[in-house]
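Here is how the chains run, residue by residue.
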Amino acid sequence: MIISFVWAEDKNHIIGKDGTLPWSMPNDLKHFRDVTAHHTIVMGRKTYESFPNGPLPNRLNIVISRNPNYQVPESVVLLTDKNKLSDYVDDDTEVMVIGGAGIFEMFKDDVDRLYLTRIDHAFDGDVKMIDLDYSKFKLSEKKEGIVDDKNIYPYTFETYDKI
Ligand SMILES: NC(=O)c1ccc[n+]([C@@H]2O[C@H](COP(=O)([O-])OP(=O)(O)OC[C@H]3O[C@@H](n4cnc5c(N)ncnc54)[C@H](OP(=O)(O)O)[C@@H]3O)[C@@H](O)[C@H]2O)c1
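Residues numbered from 1 in each chain as written. Predicted model: local features only at pLDDT ≥ 70, side-chain atom pairs only at ≥ 80, totals over all residues. Heavy atoms only, no water.

Per an unreviewed UniProt entry, the protein chain goes by Dihydrofolate reductase. Word for word, the UniProt comment on the protein chain under Function (unreviewed entry) is "Key enzyme in folate metabolism. Catalyzes an essential reaction for de novo glycine and purine synthesis, and for DNA precursor synthesis." In the Pathway (unreviewed entry) part of its UniProt record, the protein chain is described as follows: "Cofactor biosynthesis; tetrahydrofolate biosynthesis; 5,6,7,8-tetrahydrofolate from 7,8-dihydrofolate: step 1/1." (UniProt positions renumbered as here; feature names shortened; annotations may be inferred.)

A.B. asks: Requested: an account of the packing of aromatic side chains, with residues and values cited.
C.D. replies: The full count for this structure, using the stated rule, is eight aromatic pairs. When the ring of Phe-5 is compared with that of Phe-104, the centres are 4.8 Å apart and the planes differ by 55°; the resulting orientation is tilted. Taken together, the residues span a long stretch of sequence, with Phe-5 in strand β1 (residues 2-9) and Phe-104 in helix α3 (residues 101-107) at a distance of 99 residues. Phe-104 carries the same exposure label as Phe-5, and that label is buried. Members of the aromatic cluster, connected to one another through ring pairs, are Phe-5, Trp-7 and Phe-104. (Phe/Tyr/Trp six-rings, centres within 6.5 Å; stacked < 30°, edge-to-face > 60°. Helix = DSSP H or I, 4+ residues; strand = E, 2+ residues; numbered from the N terminus. Buried < 20%, exposed > 50% of the residue type's maximum accessible area, 1.4 Å probe, protein only.)

A.B. asks: Any details on the pairing of strand β6 (residues 94-97)? Residues and values, ideally.
C.D. replies: Covered by surrounding structure in β6 are Glu-94 and Met-96 together with Val-95 and Val-97, the residues of both alternating faces. Looking at chain direction, β1 and β6 are connected through four bridges and run parallel. Bridged to Ser-4 within β6 is Met-96. Relative to β6, strand β3 (residues 40-44) runs parallel, the two sharing three bridges. Bridging from a neighbouring strand, Ile-41 pairs with Met-96 of β6. (Pairing = 2+ DSSP bridges.)

A.B. asks: Let's hear about the nonpolar core: which residues, and what values?
C.D. replies: Counting residues in hydrophobic clusters, the biggest one holds 24 residues, and the most contacted among them are Phe-5, Trp-7, Val-42, Leu-85 and Phe-107. Going through the elements one at a time, β1, β4 (61-64), β5 (77-79), β6, α3 and β7 (113-119) are the ones with two or more residues in this core. Other than its neighbours up to four places away in sequence, Trp-7 contacts Ile-15, Phe-104, Leu-114, Tyr-115, Leu-116, Thr-117, Met-129, Leu-132 and Tyr-134. Among the nonpolar cores identified, the runner-up in size contains 14 residues, and Val-63, Tyr-70, Met-96 and Ile-98 belong to it. (Core = buried A, V, L, I, M, F, W, Y, C linked by side-chain atoms within 4.5 Å. Contact = heavy atoms within 4.5 Å.)

A.B. asks: Can you tell me about unusual backbone geometry, naming the residues and giving the values?
C.D. replies: Across the junction of Gly-99 and Gly-100, the peptide omega takes the value 0°, indicating a cis bond. Within the secondary structure layout, Gly-100 lies in the loop between β6 and α3. Positioned with a positive phi, Asp-18 is a non-glycine residue whose angle comes to about 50°. Secondary-structure assignment places Asp-18 in the loop between β2 (14-16) and α1 (26-36).

A.B. asks: I'd love a proper account of the layout of surface pockets, names of residues and values included.
C.D. replies: In this structure, the largest pocket spans a volume of roughly 1200 Å³. In this structure, the largest pocket is lined by 43 residues; those nearest its centre are Lys-46, Thr-47, Ser-50, Ile-98 and Gly-100. For the lining of the largest pocket, the elements supplying multiple residues, two or more each, are β1, β2, α1, α2 (45-49) and α3. The space that makes up the second largest pocket amounts to roughly 170 Å³. In this structure, the second largest pocket is lined by Asn-27, Lys-30, His-31, Asp-34, Val-35, Lys-143, Glu-144, Gly-145, Ile-146, Tyr-155 and Phe-157. Elements with a minimum of two residues in the lining of the second largest pocket: α1, β9 (137-144) and β10 (155-162). Here the lining of the second largest pocket takes five residues from α1, the largest share from any one element. Counted by class, the lining of the second largest pocket contains four nonpolar, three polar and four charged residues. (1 Å grid on protein atoms, 1.4 Å probe; cavity = no way out; pocket = protein on both sides within 12 Å on 5 of 7 lines; lining within 4 Å. Points joined across faces, edges and corners; volume = space filled by probe spheres on them. Nonpolar A, V, L, I, M, F, W, Y, C, P; charged D, E, K, R; others polar.)

A.B. asks: Any chance you could break down the site of the ligand for me, citing the residues and the numbers?
C.D. replies: The immediate surroundings of the ligand are formed by 24 residues, with Ala-8, Arg-45, Thr-47, Ser-65 and Arg-66 found nearest. In the model, a nitrogen atom of the ligand is placed 3.0 Å from a nitrogen or oxygen of the Ile-15 main chain. Within the backbone of Ile-64, one N or O atom sits 3.5 Å away from an oxygen atom of the ligand. Relative to its unbound accessible surface of 930 Å², the ligand loses 83% to contact with the protein. Taking a 2 Å distance to the grid points as the criterion, the majority of the atoms of the ligand fall inside the largest pocket. Of all the secondary structure elements, the ones that give two or more residues to the shell around the ligand are β1, β2, α2 and α3. Per-class residue counts for the shell around the ligand are eleven nonpolar, nine polar and four charged. (Near = heavy atom within 4 Å. Polar contact = N/O pair within 3.5 Å; in protein donor to acceptor, adjacent residues only side chain to side chain. Areas by Shrake-Rupley, 256 points an atom, 1.4 Å probe, with all protein chains shown as cover. Sits in = over half its atoms within 2 Å of the grid points.)

Shown next, in the form of structure tokens:
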């Protein structure tokens, strides 16, 4: 299984505020949809609860909680132990770990690829991205985001692969 991280962070590695994203960046949401479409996504219970319309369509949603009785719809898989992930995904599958912080920490030693949106602005927030050792990765793609009246902060889409 290939493990990828997908996230957006600000200048100071902030990723969340009050249970949601600190910014409105529709182009990044579109990028997130494109990168994760038809891939299994793995997320913490709070990130799952941050989706206004429930599980994301057209992909298996796996939610991690310490509460084995946490209620999810039938289409969603609840895990209390990351080692059970292999019961739900094939060996040749790219699994998209989409946060938050505790879940990135949990998969830190397993991650093969990073899809990072870097937003060049400082926001208020209460959740930060974990420290990653970028010396173990090489930048394989970098694309400037288009700034317009709905996406007002400069941003870049970066992809890193484990060396
Ligand atoms: N910018 C981005 O790309 C991005 C990405 C993801 C999230 N976010 C933002 O970040 C915030 C949410 O992130 P978060 O870090 O606060 O929460 P989170 O990681 O989404 O969820 C935390 C929950 O995951 C479960 N969990 C964590 N570690 C676990 C472990 N070792 N074993 C079993 N379950 C475990 C626990 O659920 P229980 O409490 O149910 O046990 C814990 O409360 C929101 O503001 C969201 O919008 C931003």
